[in-house]
Every structure is written in structure tokens, then in C-alpha cells.
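Residue strings, one per chain:
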Amino acid sequence: METITAFMKLSIIIPVYNAEKHLANCLQSVCHQDLPKHNYEVIVINDGSTDLSSEIILQFQQRYGNIVFIDQENKGVSAARNAGLSTAQGEYITFVDADDEIENNSLKQIVELLVNEDLDVFYPKIDTYSENGERLNSINVGEKYDEVKSGILQQRRTFTPTFYRKELIGTIRFNENISFGEDTVFNSQVQSLADRVMFSDIPYYKYTVLQNSLSKQGESEKVFRGFLNAIREVRNFQQENFQENPDAKVYFDKVYEIFVTRILELNVMPKWNRTFYIDLISLLKEKKLLHILIMLSEKYPYVDTSFRKFKVYQKFLAFKLQIHGQIYSAYRFLRSPKTMIISATSKSKNKSKSIKIAILTQQLGFNYGGIIQNYALQRILTNLGHRVITINRGEENPNSKLKIFLNRCKLLILRYVFNERKPIFLDYKKISRTNSKFISQNIKLSPLIHTTPMLVDYFSKSKFDAVLVGSDQVWRPNYSPNILNFYLDFLQSQNDLKKISYAASFGTDKWEYSEIETQICTELIQQFQGVSVREDSGIELCAKHLNRNDVEHVLDPAFLLSAEDYSDLIGPAKSEVGLFTYFLDESHETLKFVEFCAKTLNLTLHKNQAKLSPYDIKISKIQDYMIPPIEGWLKGFRDAEFILTDSFHGTVFSILNKKAFFVIVNSERGAARFESILKQLGLEDRLIYNLERFNLSNLKNEINYQTVYSKLEELKKDSLLFLNTHLSGWK
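Anyway, here's the lowdown on the structure attached to this text.

The rules we used
- Residues numbered from 1 in each chain as written.
- Predicted model: local features only at pLDDT ≥ 70, side-chain atom pairs only at ≥ 80, totals over all residues.
- Heavy atoms only, no water.
- Helix = DSSP H or I, 4+ residues; strand = E, 2+ residues; numbered from the N terminus.
- Buried < 20%, exposed > 50% of the residue type's maximum accessible area, 1.4 Å probe, protein only.
- Contact = heavy atoms within 4.5 Å.
- Areas by Shrake-Rupley, 256 points an atom, 1.4 Å probe, with all protein chains shown as cover.
- Core = buried A, V, L, I, M, F, W, Y, C linked by side-chain atoms within 4.5 Å.
- Salt bridge = Lys/Arg side-chain N within 4 Å of Asp/Glu carboxyl O.
- Phe/Tyr/Trp six-rings, centres within 6.5 Å; stacked < 30°, edge-to-face > 60°.
- Arc of directions from axis to C-beta.
- Patch = residues over 30% accessible without salt bridge, like charges linked within 9 Å, V, L, I, M, F, W, Y side chains within 5 Å.
- Pairing = 2+ DSSP bridges.
- Axes fitted to C-alpha atoms, helices over the stretch in contact; angles between N-to-C directions.

Before going further, it helps to spend a moment on the overall build of the protein chain. What the protein chain contains, in helices and strands, is 24 helices and 21 strands. Taken over 731 residues, the protein chain has a buried fraction of 52%. Contacts in the protein chain between residues far apart in sequence, at least 24 positions, make up 79% of those at least 6 positions apart. Just so you have it, the protein chain exposes about 34,400 Å², and 50% of that area is on carbon and sulfur atoms.

By size, the foremost hydrophobic cluster in this structure holds 65 residues, and its most contacted members are L381, Y502 and F653. The element contributing the most residues to this core is helix α24 (residues 705-728), with nine residues. L85, F174, F276 and L280 belong to the second-largest nonpolar core, a separate cluster that totals 53 residues.

Attention shifts here to the pattern of salt bridges. Counted according to the given criterion, the structure contains 18 salt bridges. Residue D565 is joined to R379 by a salt bridge in which the shortest nitrogen-to-oxygen separation is 3.3 Å. Placement of D565 in helix α19 (residues 563-570) and of R379 in helix α12 (residues 368-383) is noted, with a sequence separation of 186 residues between them. By relative accessible area, D565 is classed as buried at 8%. Among the residues examined, R379 registers a relative accessible area of 22% and is labelled partly exposed.

Under the counting rule described, the total for this entry stands at 40 aromatic pairs. An angle of 50 degrees between the planes, with centres 5.7 Å apart, marks the rings of F242 and F252 as tilted. Here F242 is found in the loop between α7 (221-241) and α8 (246-265), whereas its partner F252 is found in helix α8, with 10 residues between them in sequence. For the pair formed by F242 and F252, the shared burial category is buried. In textbook terms, an aromatic cluster arises when at least three aromatic residues are bridged by ring pairs, as seen for Y368, Y375, F438, Y566, F580, Y582, W633, F637 and F653.

What follows covers helix α17 (residues 515-525). Within α17, burial applies to T518, C521, T522, L524 and I525. In an axial view of α17, the angular spread of the buried residues amounts to 165 degrees, which keeps them on one side of the axis. The outward face of α17, more than 90 degrees from its buried face, is lined by the exposed residues E515 and E523. Contact partners of the buried residues in α17: β15 (530-533) and α18 (536-545).

The next thing to look at is unusual backbone geometry. Following G470, the chain continues into S471 via a peptide bond in cis, with omega recorded as -10 degrees. Mapped onto the secondary structure, S471 falls in the loop between β13 (466-469) and β14 (498-504). You will see that K463, though not glycine, has its phi angle at about 55 degrees, which is positive. Relative to the elements of secondary structure, K463 occurs in the loop between α16 (452-462) and β13. By relative accessible area, K463 is classed as exposed at 63%. In this structure, A503 takes a positive phi of about 55 degrees despite not being glycine. Within the fold, A503 resides in strand β14.

This part is about the environment of R135. Relative to the elements of secondary structure, R135 occurs in strand β7 (residues 135-139). Owing to a relative accessible area of 43%, R135 belongs among the partly exposed residues under this scheme. For the pair R135 and Y207, spaced 72 residues apart in sequence, the C-alpha separation works out to 9.5 Å. Sequence-distant contacts of R135, defined by excluding residues within four places in its chain, comprise K125, D127, T128 and Y129.

A cluster of nonpolar side chains, contributed by L136, Y207 and V209, occupies part of the molecular surface with about 240 Å² of accessible area. Take Y207: it is sitting in strand β9 (residues 197-209). Residue classification places Y207 among the partly exposed positions, given a relative accessible area of 37%.

Strand order in the open sheet made by the seven strands is β12-β11-β10-β13-β14-β15-β16, with parallel pairing throughout. Strand pairing shows two members of the sheet lacking a second neighbour, β12 (445-449) and β16 (552-553), which therefore form its edges. Relative to β12, strand β11 (residues 387-393) runs parallel, the two sharing three bridges. Pairing of T390 across the sheet is with L445, part of β12.

Our next topic: the sheet that holds strand β21 (residues 687-688). Spatially, β18-β17-β19-β20-β21 is the arrangement adopted by the five strands of the open sheet, whose pairing is parallel. The outermost strands of the open sheet, each flanked by one partner alone, are β18 (605-607) and β21. Judged from the two bridges that link them, strand β20 (residues 660-664) and β21 form a sheet pairing that is parallel. Paired with I664 across the bridge in β21 is I688. Lying on the sheet, helix α21 (residues 630-639) is in contact with β17 (577-582) and β19 (640-645); it crosses β19 at an angle near 115 degrees.

Here you go:
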């Protein structure tokens, strides 16, 4: 028997996406081998994982010199495998899934067979295991083992654990546009070119049957379309490489049978849908494959070239799957449906479809609450496995460029000729640079966009899968640079883009839209696949004025993270803050009330705000307008003993940090935002509508946060369920 030389004989390609649960065992199995490390490489492709997969790979790479680590943004399993193929140096190539393993010390014997028998393709034995490690059964495909076979009519198999000669693969790659059946397409293409093939009962591959794979079955237009694309891809390959080869026809017909059988047996077409059945027939006719359906009608009497028998079969299969569904539903019930939501406040461990999402919210700048709600929403969506960008939609300047230039000249003349030192205009970038620093470090932001045509251009180039409007007061016209943009008027023609609102707020329970704005927004909101609002009054406004009666009430995104999540941004507490205040509108009456409260509670006063509002220019010192870091704002809420605020997000962080607090209502800004969330949590008594009538003894009333948090957790589950449901079913 030939001795294995120092030449790189084998490349093992492992695509990884959020596989931290099984990845270490997988890598340990491929590294614990009797084949010298210089004879094989392990190429691990991290496909944009959001859990600890990357760290696990790096740990193994430090221990084993033959691990090649490729880190890429999420593109899907096919793109990950293709990246491995482009890097591979081995004479032979095989694939291992990150949740599977291979037998210890199995590679040397297999590689020796590959080399000595000069094989093109090698099929080892596969054993299946449950998630808890219990061996289930073996998959032995092949009539005779350890014999070299040749010819395209020899048996083939279409699943991953196969060894290929690299030269045989050549330029063939996984089709990244096929979402289902892509491995069968690749395997059937490469195997059709093989001449020397061997099946073996050498124990090698340990396939893990995952519970959540149950959810991949059933009716799905996406699965159906995926299999149609797979048939189309294989047929094109056959026609390009085996035009009039009768043996190839027999071989590829078996591949088509696999796909059509999957469509019928797995019931992937929407139930009793004639349109989709006709689409299948049309494709088979177009590709001159109608004989496949006729062949299957002999094996399965429920299918022929009409819809009649198939419909009868669908009814039978629906009953058959009902039993399976009841078992699976019982399993889900025991775990509680809401707890089946991916844990969004921690890194997602479940392999899910990653999509590209745009968030459209108020421009991030001065307001701490606006920034932190967007940070929270981005983090939640990222942890769910998605790619997220916030659209930096700024104000449109109604003046011409010439008028803007002349105004600047006027201000300079006033300052330097007439010695007018009052800051008639502020350097907004300078006074908000600490906020800008936080945004640049923690939020993925688009370039500045300040017109509707710029929005159209940016979205046409960015190829988003979904756009999410919210949160904050995005549907309050007086606060908006262009209220129609926040109903996605610039995307009316893009029907393939999922449109959702999450925790959108009108900011008030009064209708502030003009007649024409109401008419246009009513038409635009009908294109949204999911609508949710932050306040219960928003549900009434949508029903009454926008003709949407299916609106859901969800939490502000800031509530979806925990106090500990925010604490990670600011580090441990160094000293306790006494009475922390955060006011958007600070009046003389408010300041006087705060002083009384501090004296009553015997606490020192603390705040984290600029001395003056950037909207109220009074004196010449720009330092008085400098906005303190948002981290100090977060620390104030976390480390305070007591909090007074008139801010919605001030209220949110008081609750998250389980603090004693009161909210002073500003009648001009509206109370609906506060009343909605505090009513849900049973905290209506924390609202102060009239300072003069407030009894200071109420300051010492305690809050039962055990009850509050019990309600909050249920609301959080419902809110995450809204996001997960509408995003997981995209397109």
C-alpha cells in the first residue's frame, strides 16, 4: 500500500453559522485524527455568526496548525462552502456540517483508499444520532462495498458526506441563489463527471438529527420555488454537458425524481393550490421533463398531469401530517409558544434566515432617548441574525444653496465686523460630538440623506429585504422632516420589500395630520405587512384615521434589552447618585419642585444635561450647550436612588433599573406616551399632572417591582414575537 506523502491530500470544509452548541465537538472530531496534520487542512468559514462560534474557531486555530479560518459576512451556506472551495489546497475535498461530527481516527484509512484506488468519489458510512448523543440508525447507500465502480449509471447519493477529487469539481460551485436542494444540485453535477467511485462501510460520518429540523417541513412557497430552481439548474447543466447521452438521461431523471418527490411528499406547495401545481407542470413541460411526473404517477396514484388526483392526495396528506403536527405542537406547548422565540437579548443560537433590514427613525442627534432606542433595536435585530442599518434621514433645507451661503456671510459680518458675539447659530456637530462618538461606535448608520430622491437612490442600490419604521415619534408630523417618507412613499413600487412598523409613535392621542397627509398616509400604510405602535392610543388613531384595524401594541425597543445589557456599555458603579433628574422642558416651577423633593428625601441633586438647550440660544459660551456623554445619562438612571423626569425614555430607564420615580407630565407634549406604558405596568400613580396639588409624602410610596417585572416580561415576549413573526416570514 502506498504511503501518504507530505503533499496536502485532503481539505475538510466546514461552514458555520451560529453553531456554538455543537461546534466544539465538531472541530474536536476532525482534529482528533490519525492522519498527519500536514496531510490535511480544516477550512472553517464563519458565515456572519452572532454567537460565540468565532471565538470557538479561534481557540481551535491556536491549538491546531492545520485550521484555516475564513470570516465573512452572512451570505448563506452555499457562499460559505464556495469560499472554502476557493481556498482548498487538498487533492480531495469533503464537507462537514458544524452540528455533525466524524469518527475519531477515521481519516487515515479513507485517504489511503482515495490515493491507492485513484478514486474520483468516495461514499463512507453514515450513522445518525439524536441531539443528546443517542445512536439512531445507519445510512448505507450501495449494493457492494469497497469495489471500484465506473460509469454514470452506477449508484450515486446526493447528501453531503462525500469525498471528491478536487480536479473533478473544477469550476462547479454551489448555486448561491438556490435556497433549498443546493447540495443535491452540486452533488449530482459533480458525481455525473466521476469515473472511479467506491462505496464503503467504514464508519465515518455522525449525522445529528436536530429537533428544529421538524419546522422546516410543511407548506412553504419558498421551499417550493427553491426546488423548482434546483430542477432548472440541474437540467441546464445536463443540457450543457450531456446533450444526447442516454445513460446521462437515466442518471439525471433520478435526480429530478428526487426533487419532484420532495415537492409532493413534503407537501411544500400551499395546500390545494392549483396555481403552484400548474407552475410545476409548466416547468416540467418547458424542460421536457413531463415524463418524470408520469413515472411518478405509476408509483404514486395520487399524481398525474391534472390537479384532480393531486388534490385528493393533499387531503389525505393533510390528515397524515395532522398527527405529526399534534406531536410537534405538544412539544412546543410544553416549552410555551412564547418562549420558542429566539432569545433576542442574548446572541442567537438558532440558524435562521439572515436578511438585510433598514431602520427608518428620527435623526439621531441631541436626544438620548432617540439614540438609545435605536441602539436597542439594532442590537435586537442583529442578535436575531439579521444585517441592520439605520437610515440617517436628516432635515431638508427649504432654502436654495445661494440663500444659505448669503445667510452665512451675514452671520460672519455680524460677528467680526459689528462684534456680535452672541452665537446666533450653533456648531451642532461640536456640541453633540459625544453623542456622535457613541453612535459611530455602537450604531450602523447610512450616509446622511436629506431628500426623498436621495432615499430612492440609496434604497435602489442597497438591496434591502425589509424596512422597519420606528421607534420613537416617527409618525408625528411636526417632528418629521417629511412625514410621507415615514410611511415609505419612496418605496411604493417595491412590492418585494417587506414593510413593517415597530413601536411607531404619534406622540399624542390627538390627530395632527392635514387632510391631504391623512389621505396619502392611509393609502401608504396599506402596503405594510405588519403595523405596531408604541401606545394604545396609536391603535385607535390607526383604526379611525388610517383604516388599519390589525395594529398591534408593542414595547419601545429600549425595553427589550435588560438593565445589565446597558450596564455593559458603562462599566460598574463607582458611587451612588442621589436624586437624578432628566427634563426635556425645565421650567421655574419644575426646578422649585425638584428642590422640595430633594429636601424631603434628603438627597443631593444630579443631572447629565447641557446647561442650555440647543434650541434656546441665550449667551455666548458654547460650552453651555455641550451635550454630556450618553454613558453618563445611563449611569444616572442606574446609580440613582430616586428619579424625576418628564421624558418617555427617562421613564423607561427608571423602570428598567427598578428605581423609585415620578414623571412630570408636560401637557404641551402630551401624556399619551406615559399613560400607555404605565397603565400596562400598573404604575399610573407615578404620573404628576399638577405640581401644586402633589402631596410630597407620596415620594416615599414604594413600587412592587416583582409585579411590574412579571408584567414587563410578558409584554417583552409579545413584542419579540411580533418582530420574529414578521421578519422570519419575509418575502
